[in-house]
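What the coordinates show
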Amino acid sequence: MKLQKKIWISLVVVATGALLSGCGKGEPEAYAYGPEQMDAFLAELPQERQRAEPFAADLCVVTGEEPGPDASVGAQAAGVFPAHGGGEAILQRNVFQHMNPASTTKIMTALIAVREADLDELVTVGDEVQVEPGSSLCHVNPGDTLTMEQLLYGLMLPSGNDAAAAIAVHMAGSIEAFCEKMNATAREIGATDSHFVNPHGLTDEQHYTTAYDLYLIFREAMEYPEFARIVQTTRYTASYTDGEGNPKTQEWKNSNQYLSGDTQTPEGLTVTGGKTGTTSAAGSCLVLGCEDGEQQDYIAVVLKAEDRTALYKDMTNMIQNIVN
């Protein structure tokens, strides 16, 4: 799906409130709208419902499907996008292909939390935190009471699937209801090729997104200072109480190797945050925010790299194109 088509799909969804199934099959008549028809359509809407026009105008343009000749990228899908002001993608590969997002899913979970929750409110977690054994955890247990902000650090730094489940149930009453929020939010911001069935990214054939949609989701999330602060934090100490009222302390480290110092950031760039993700089905994934010397922001996405070493090699090769 090319960008112009995707933009008009997003415009129709935002302007009319139409619900998409997320399956990517079939194209309603509304998709045939071109720029002239959409301008006339928007002009007839009340002013408060004309958000779609500036939203689309600020999006990055994607013109092709393969990386540039100087890029060395082995990942299945990847892209480097200016975060604001439109412009063309610096690099792209398969950016509209449905992919398993693994824990990059948690960007959407965190976005909903920073938008809708009071980060100081206390959350007592329940049995929902007993997720798939062996998956990434921040090790909160049933009965633990901590703030929503602390759960967000547990979600984004050590990539806690348990934190994701706790946030979802606290905010929506169930995992299923929270996923309805995730899908509605995706449609709202134009991420029309995404469909979420859990808040953490464990593998499900009905759970998918694209590199381009992750750009849109991360771009929206970084507009919230609370999110931006959390994803740039290298270490965080959480002090809270367990189910018996006893004090409990944990230190969580950011899994982003650019922030931990395990991978060197290319000269001329500053990493502003990001989110990793790894499963056997998704491979190694990373959504990264970075800034050049002129304080211009970029978002880079790598999905399904062969392993962690290949992931950071791909990402470094990609973001070097920003300053070269």
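In this text, all values refer to a predicted model and were calculated from it rather than measured experimentally.

**With respect to the layout of surface pockets**
Approximately 320 Å³ is the volume found for the largest pocket. What lines the largest pocket is a set of 25 residues, among which S255, T276, G277, T278 and R308 lie closest to the centre. Elements with a contribution of two residues or more to the lining of the largest pocket: α10 (257-260), β7 (269-279) and α11 (308-323). A class-by-class count of the residues in the lining of the largest pocket yields five nonpolar, 17 polar and three charged.

**A look at the sheet that holds β7**
Overall, antiparallel pairing links the five strands, which are arranged β2-β1-β9-β8-β7 in an open sheet. Each end of this open sheet is capped by a strand with a single partner; those strands are β2 (91-93) and β7. Each strand of the sheet is rotated relative to its neighbour by a mean of 15°, with strand direction disregarded. Lying over the sheet, helix α8 (residues 211-221) contacts β1 (77-82), β7, β8 (283-292) and β9 (297-305), oriented at roughly 140° with respect to β9.

**Points about the pairing of strand β5 (residues 235-241)**
By the alternation rule, side chains of β5 split into Y236, A238 and Y240, which are all buried, and R235, T237, S239 and T241, of which none is buried. Taken together, the seven bridges between β5 and strand β6 (residues 247-253) define a ladder with antiparallel strand orientation. Considered in β6, the bridge of R235 is made with K253. Counting the residues in the hairpin turn of β5 and β6 gives five residues, including G245, whose phi is positive at 85°.

**Examining unusual backbone geometry**
Unusually for a residue other than glycine, A102 sits at a positive phi of about 50°. Positionally, A102 belongs in the loop between β2 and α4 (106-116). Residue A102 is classed as buried on the basis of its relative accessible area, which comes to 0%. Backbone geometry places K304, a non-glycine residue, at a positive phi of 60°. Position of K304 relative to the elements: it lies in strand β9.

Quick notes on the rules
Residues numbered from 1 in each chain as written. Predicted model: local features only at pLDDT ≥ 70, side-chain atom pairs only at ≥ 80, totals over all residues. Heavy atoms only, no water. 1 Å grid on protein atoms, 1.4 Å probe; cavity = no way out; pocket = protein on both sides within 12 Å on 5 of 7 lines; lining within 4 Å. Points joined across faces, edges and corners; volume = space filled by probe spheres on them. Helix = DSSP H or I, 4+ residues; strand = E, 2+ residues; numbered from the N terminus. Nonpolar A, V, L, I, M, F, W, Y, C, P; charged D, E, K, R; others polar. Pairing = 2+ DSSP bridges. Axes fitted to C-alpha atoms, helices over the stretch in contact; angles between N-to-C directions. Contact = heavy atoms within 4.5 Å. Buried < 20%, exposed > 50% of the residue type's maximum accessible area, 1.4 Å probe, protein only.

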